[in-house]
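# Close look at the chain arrangement
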Amino acid sequence: MPMLEELRKIIAERTGAIGARLSAILADGTARLRTALAPTIAAGRGRYQKLEPRERVLVQVAGALVALFIAFNLVYLPIQGALGGLGDRIQERQHDAVEVAHMMRAYQRLRVDLATMRTRTVAASGDFSLFSVVEQALTRAPGKDKIGSITPAQKAIPGGMTQYSVELKLNAVSLPQVVDTLYGLSALNVPVTVSTLHVTRRSQDSHTFDVEMTCVALGRNG
């Protein structure tokens, strides 16, 4: 490591030389400034000595006010501004921390929902038919005669999943029949979810309703 030590010595020597030059320049500038201001300071002191006591008090008061003005503008205001900016930054960081906490809680809820969803899936295959499952359930309750239409569909979704859906319409059903229908769908051995449900009172009979709903099941590919 001799070369490194030699390099350190050279840097230290040059740094010391530069520091010495700067000190000499600063000292020389200070001396010149004092020399240049010496007549003015002396004249000011002479004038101050010639003033009446009352005038001296006024000059002292004016000097104190000027000193306060300088201290206020050059010391207090910059410090206050820095503290104010620091407070704003602290509030901003606190706000960011709260937002991050909300996002983390939302993320945890989504993870739990996703895990639950993955456990409530059917094996996606050519043999599975949500249409048949729902039709059999509706035939038991509220009855085949109440079925207006059943429209099946399916689509692939991210994560290696397939979404099966059935849009169906029931005509002229009573409220107990609506409840029985929903219970029958929830009691199936296939995890079926009712994603939308619209119940409309029939104008011909105020005790019966037309129902539109969408049933969904998720299939896991592979």
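Quick note: structure is the one above.
Note that the structure is predicted; figures quoted are calculated from it, not measured.

Calculation criteria
Residues numbered from 1 in each chain as written. Predicted model: local features only at pLDDT ≥ 70, side-chain atom pairs only at ≥ 80, totals over all residues. Heavy atoms only, no water. Helix = DSSP H or I, 4+ residues; strand = E, 2+ residues; numbered from the N terminus. Buried < 20%, exposed > 50% of the residue type's maximum accessible area, 1.4 Å probe, protein only. Contact = heavy atoms within 4.5 Å. Expected span 1.5 Å × (residues − 1). Arc of directions from axis to C-beta. Salt bridge = Lys/Arg side-chain N within 4 Å of Asp/Glu carboxyl O. Patch = residues over 30% accessible without salt bridge, like charges linked within 9 Å, V, L, I, M, F, W, Y side chains within 5 Å. Areas by Shrake-Rupley, 256 points an atom, 1.4 Å probe, with all protein chains shown as cover. Lys, Arg positive; Asp, Glu negative; His and termini not counted. Charge placed at Lys NZ, Arg CZ, Asp CG, Glu CD. Phe/Tyr/Trp six-rings, centres within 6.5 Å; stacked < 30°, edge-to-face > 60°. Core = buried A, V, L, I, M, F, W, Y, C linked by side-chain atoms within 4.5 Å. Axes fitted to C-alpha atoms, helices over the stretch in contact; angles between N-to-C directions. Left-handed = near helix turned anticlockwise from the far one by under 90°. Nonpolar A, V, L, I, M, F, W, Y, C, P; charged D, E, K, R; others polar.

Quick look at the overall build of the protein now. Secondary structure assignment for the protein yields 4 helices and 5 strands. By residue count, 17% of the 222 residues in the protein fall in the buried class. Restricting to contacts in the protein with at least 6 residues of sequence separation, those with at least 24 account for 61%.

Turning our attention to helix 4 (residues 175–186). Here helix 4 contains 12 residues, and its C-alpha end-to-end distance of 17 Å stays within 8% of the 16 Å for a straight helix at 1.5 Å per residue. Every buried residue of helix 4 is listed here: Val 178, Thr 181 and Leu 185. The buried side chains of helix 4 occupy one side of the element, clustering within an arc of 60° when seen end-on. In helix 4, the exposed positions that point more than 90 degrees away from the buried face belong to Pro 176, Val 179, Tyr 183 and Ser 186. Where helix 4 is buried, its residues meet helix 3 (130–143), strand 3 (161–173), strand 4 (193–201) and strand 5 (209–220).

Take the pattern of salt bridges next. When the charged atoms of two side chains with opposite charge come close together, those side chains can pair. In total, this model carries 1 salt bridge according to the counting rule given. In this structure, Arg 202 and Asp 210 form a salt bridge, with 2.8 Å as the shortest nitrogen-oxygen distance. With a relative accessible area of 26%, Asp 210 lands in the partly exposed category.

This paragraph deals with a negative patch on the surface. Together, Asp 88, Glu 92, Asp 96 and Glu 99 make up a region of like negative charge exposed at the surface. With respect to the helices and strands, the residue Glu 92 is situated in helix 2 (residues 53–119).

Turning next to the packing of aromatic side chains. Across all of its chains, the model carries 1 aromatic pair by this definition. Geometrically, the ring pair formed by Phe 128 and Tyr 164 is edge-to-face, given 4.9 Å between the ring centres and 70° between the ring planes. Here Phe 128, found in the loop between strand 1 (122–123) and helix 3, pairs with Tyr 164, found in strand 3; they are 36 residues apart in sequence, far enough to count as distant. Like Phe 128, the residue Tyr 164 is buried in the burial classification.

Turning next to the nonpolar core. Ranked by internal contacts, the top residues of the largest apolar core, which has 23 residues, are Leu 130, Val 134 and Leu 168. Mapped by element, the contributors of at least two residues to this core are helix 3, strand 2 (147–157), strand 3, helix 4 and strand 5.

Bringing the packing of helix 3 against helix 4 into the picture now. Contact geometry for helix 3 and helix 4: axes closest at 9 Å, N-to-C directions at 145°. As helix 3 runs across helix 4, the sense of the crossing is right-handed. Of helix 4, the residues touching helix 3 (which contributes Val 134, Ala 137, Leu 138, Ala 141 and Pro 142) are Gln 177, Asp 180, Thr 181 and Leu 185. Here the contact of helix 3 with helix 4 is composed, by residue class, of 6 nonpolar, 2 polar and 1 charged.

Interpretation note: all reported values are geometric properties and have no functional meaning in isolation.
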